[in-house]
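# Working through the structure, step by step
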Amino acid sequence: MSGLYIHIPFCSSKCAYCGFYSIPSLKRKADFLEALNQEIAARKGDLHGEKVGTVYFGGGTPSLLKEEELETILKTLHDHFEIDPEAEVTLEANPDTLSLDYLVSLRKLGVNRLSIGIQSFFDEDLKYLSRRHDAQHAQDCLLWARAAGFDNVTIDLIYGLPTSDADQWNRNLDRFFATGFPHLSAYALTLEPNAILTKQIEMGKVLPVNEDDAVRDYEILYRRAEENGFQHYEISNFCKPGMHSRHNTSYWFGVPYAGFGPSAHSYDGVSRQWNGSSLERYLEQPRQGLPVGDSGLRDETPGYGRVEKEILTPEQRYDEYVMLRLRTMWGVDLSAMKQALGARFSTYCEKNAQPLIEQDRLSRKGDVLYLTDQQMLFADGIAEALFW
Ligand code: SF4
């Protein structure tokens, strides 16, 4: 089954570490919603009638949308795509936008999985990241989520923070495991070139980041996850058995999906398309009388405005296959690769894997190449060594 992704580009304000495309103002929300619903309708044929197994509202902050706005988007999706009644419907939410009433209404709309950007259960960390909620509110909204009937909840945490030490990171994890929720995404703090935090550090205004802290916290993370019965199923993702994100996992397995909204990507199994990272340009299309998301449109400026498209060569498909699968606990299955891409690629991969296995940088069980928790720290370099 395929997937649908809806990108909501608005946030209440910009977090210091954020390198994503997001707009810290709701001024153009009504225009955006109109264009988004038009784009969904215009691209109803994108999945060729294939059933949809996952719907994902990402951002930005999708929980800034009102109940009736989300209801309209869901209705448009249902009108134009065949969505499985058992589909996983995820919505990313930030604690400062959540209340018990709002969570109850999300559940009624059919949202059955919440991804909450907690980031830390400690005020000094949240302040450093310039998040809009405090530790108490982080705890409260998890209680409200449970009370509203959400069992399938994932939270995001950030580690490697200079405001935290190993003991505090352990206490952060204690608080997550105490919730009983089945999924955790944990990311090392990275300094994005365009992020406010990067500039603040350069100017000496806030504490610098030490990479060794992230390695220390990562080792604590995978050990604690295992002790608590969580599977480390992707570099940054941990879950109770069977509770992985179906939507994100389908990206790693090359399942087709259609993405809507500025900066959203789509994949049809052969080519990748994406909308530019500009709300202004996204809104211009209907005003010019052109259907939003018409894949016939091309822009001279890559990355901005209308749909861009890239047809993947077999070699690019091989590189993606290696890069995405190696990040997961399922690894690279050489016989599945042979079937999907051909013997030329699986033979090449096996040959290049051998020296890495001998150097203990990569592991092999039967036909499957995979990374241990420790080896995952160097996943990018190992994938590169296997690239075409
Ligand atoms: S809420 Fe997320 S997308 Fe929005 S500014 Fe913060 S990190 Fe960026």
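Residues numbered from 1 in each chain as written. Predicted model: local features only at pLDDT ≥ 70, side-chain atom pairs only at ≥ 80, totals over all residues. Heavy atoms only, no water.

## Let's talk about the nonpolar core
In plain terms, the rule: Put simply, a nonpolar core is a bunch of buried Ala, Val, Leu, Ile, Met, Phe, Trp, Tyr and Cys residues held in one set by side-chain atoms that sit within 4.5 Å of each other. Under the scheme applied here, a residue whose accessible area is under 20% of the maximum for its type counts as buried, over 50% as exposed, and between as partly exposed, the area being computed with a 1.4 Å probe on protein chains only. Going along the chain from the N terminus, every DSSP run of H or I of four or more residues is numbered as a helix, and every run of E of two or more is numbered as a strand. Contact definition: two residues touch when any of their heavy atoms are within 4.5 Å.
Ranked by internal contacts, the top residues of the largest apolar core, which has 88 residues, are L4, F57, I73 and L77. Considering every element that reaches this core, the biggest residue donor is helix 8 (residues 211-227), with six residues. The residues touching I73, leaving out its near neighbours within four places in the chain, are I6, I8, L33, L36, N37, I40, F57 and L65. Counting residues in each nonpolar core, the second largest holds 11 residues, with C18, L129, L197 and I201 among its members.

## Here we look at the side chain of R43
Short version of the rule: Whenever two N or O atoms come within 3.5 Å, that pair is a polar contact, provided that in protein one can donate a hydrogen and the other can accept it, and provided that, for residues adjacent in sequence, both atoms are side-chain atoms.
The topology assignment puts R43 in the loop between helix 1 (29-42) and strand 2 (52-59). Classification of R43 as buried rests on a relative accessible area of 5%. In terms of polar contacts, R43 uses its side chain to reach the backbone carbonyl oxygen of G259, at 2.8 Å.

## Notes on helix 2 (residues 67-80)
Quick note on the threshold: One less than the residue count of a helix, multiplied by 1.5 Å, gives the span that helix is expected to have. Relevant arc is that of directions from the helix axis to the C-beta atoms, nothing else.
Helix length check: helix 2 (14 residues) gives 20 Å between terminal C-alpha atoms against 20 Å at 1.5 Å per residue, within 8%. Considered for burial, the residues of helix 2 that qualify are E69, L70, I73, L74, T76 and L77. For helix 2, the angular spread of the buried residues around the axis is 155 degrees, confining them to a single face. Where helix 2 is buried, its residues touch strand 1 (2-8), helix 1, strand 2, strand 3 (83-93), helix 3 (100-109) and strand 9 (257-260).

## Here's the deal with the sheet that holds strand 15 (residues 368-370)
Using the following cut-off: For two strands to be treated as a pair, DSSP must find no fewer than two bridges joining them.
Taken together, the three strands give an open sheet; going across it, the order is 13-15-14, and neighbouring strands pair in antiparallel fashion. Two strands close off the open sheet at either side, each with one partner strand: strand 13 (332-333) and strand 14 (363-365). Pairing analysis gives two bridges linking strand 13 to strand 15, with the strands arranged antiparallel. The residue bridging V332 from the neighbouring strand is L369, located in strand 15.

## Notes on unusual backbone geometry
For the peptide bond that leads from G59 to G60, omega is 25 degrees, which places it in the cis range. One non-glycine residue, Q119, adopts positive backbone phi at about 70 degrees. Tracing the sequence through the fold places Q119 in strand 4 (residues 113-119). The residue S263 is not glycine, and still its phi comes out positive at about 75 degrees. Mapped onto the elements, S263 comes out in the loop between strand 9 and strand 10 (265-267).

## Remarks on the site of the ligand
Put simply, the rule reads: Note on definitions. A residue lies near a molecule or strand when any single heavy atom of the residue is within 4 Å of it. Residue classes follow a fixed rule: Ala, Val, Leu, Ile, Met, Phe, Trp, Tyr, Cys and Pro count as nonpolar, while Asp, Glu, Lys and Arg count as charged, and any other residue, Gly among them, counts as polar.
All residues adjacent to the ligand are C11, S13, K14, C15, Y17, C18, S22, G60, T61, N94, R131 and R132. When its residues are assigned to classes, the shell around the ligand shows four nonpolar, five polar and three charged.

## Let's talk about the packing of helix 13 (residues 343-358) against helix 14 (residues 379-386)
Angle between the axes and distance between the axes are the two parameters that describe a pair of packed helices. The condition that has to hold: For every element, the axis is a line fit to its C-alpha atoms; helices are fit only across the contacting stretch, and the angle between N-to-C directions ranges from 0 to 180 degrees. Roughly parallel refers to an angle under 35 degrees, roughly antiparallel to one over 145, roughly perpendicular to one between 65 and 115, and oblique to any angle outside these ranges.
Relative orientation of the contacting elements helix 13 and helix 14 amounts to 130 degrees, with a least axis distance of 9 Å. As judged from the angle between their axes, helix 13 and helix 14 are oblique. Residue-level inspection shows Y348, C349, N352, A353 and L356 of helix 13 in contact with helix 14, the latter providing I382, A385 and L386. A per-class count over the contact of helix 13 with helix 14 returns seven nonpolar, one polar and no charged.

## Re the domain arrangement of the chain
Just so we agree on the cut-off: Residue ranges for the domains trace back to a domain assignment, done automatically or taken from a database. In short, buried area is how much 1.4 Å probe accessible area vanishes from two parts on joining, totalled over both. When a carboxyl oxygen of Asp or Glu is within 4 Å of a side-chain nitrogen of Lys or Arg, the pair counts as a salt bridge.
Here the chain is described as being made up of domain 1 (2-251) and domain 2 (314-386). Domain 1 puts 12 residues into the contact, and the matching count from domain 2 is 10 residues. With both chains or domains summed, domain 1 and domain 2 bury close to 1,100 Å², and 60% of this area falls on carbon and sulfur atoms. Interface area lost by domain 1 to domain 2 is led by Y218, Y233 and I235, which between them contribute 43%. Here R327 makes a salt bridge to E234, at a shortest N to O gap of 2.9 Å. Linking domain 1 to domain 2 there are seven residue pairs in polar contact (both at pLDDT 80 or more). Of all the secondary structure elements, the ones that give two or more residues to the side of domain 1 that touches domain 2 are helix 8, strand 7 (231-234) and helix 9 (246-252). Looking at side-chain class alone, the side of domain 1 that touches domain 2 contains six nonpolar, four polar and two charged residues.

## Digging into the environment of Y267
Within the secondary structure layout, Y267 lies in strand 10. Overall, the relative accessible area of 9% leaves Y267 in the buried class. Counting along the chain gives 135 residues from Y267 to R132, while the straight-line C-alpha distance between them is 34 Å. A distance of 3.0 Å separates a polar side-chain atom of Y267 from the backbone oxygen of G269.

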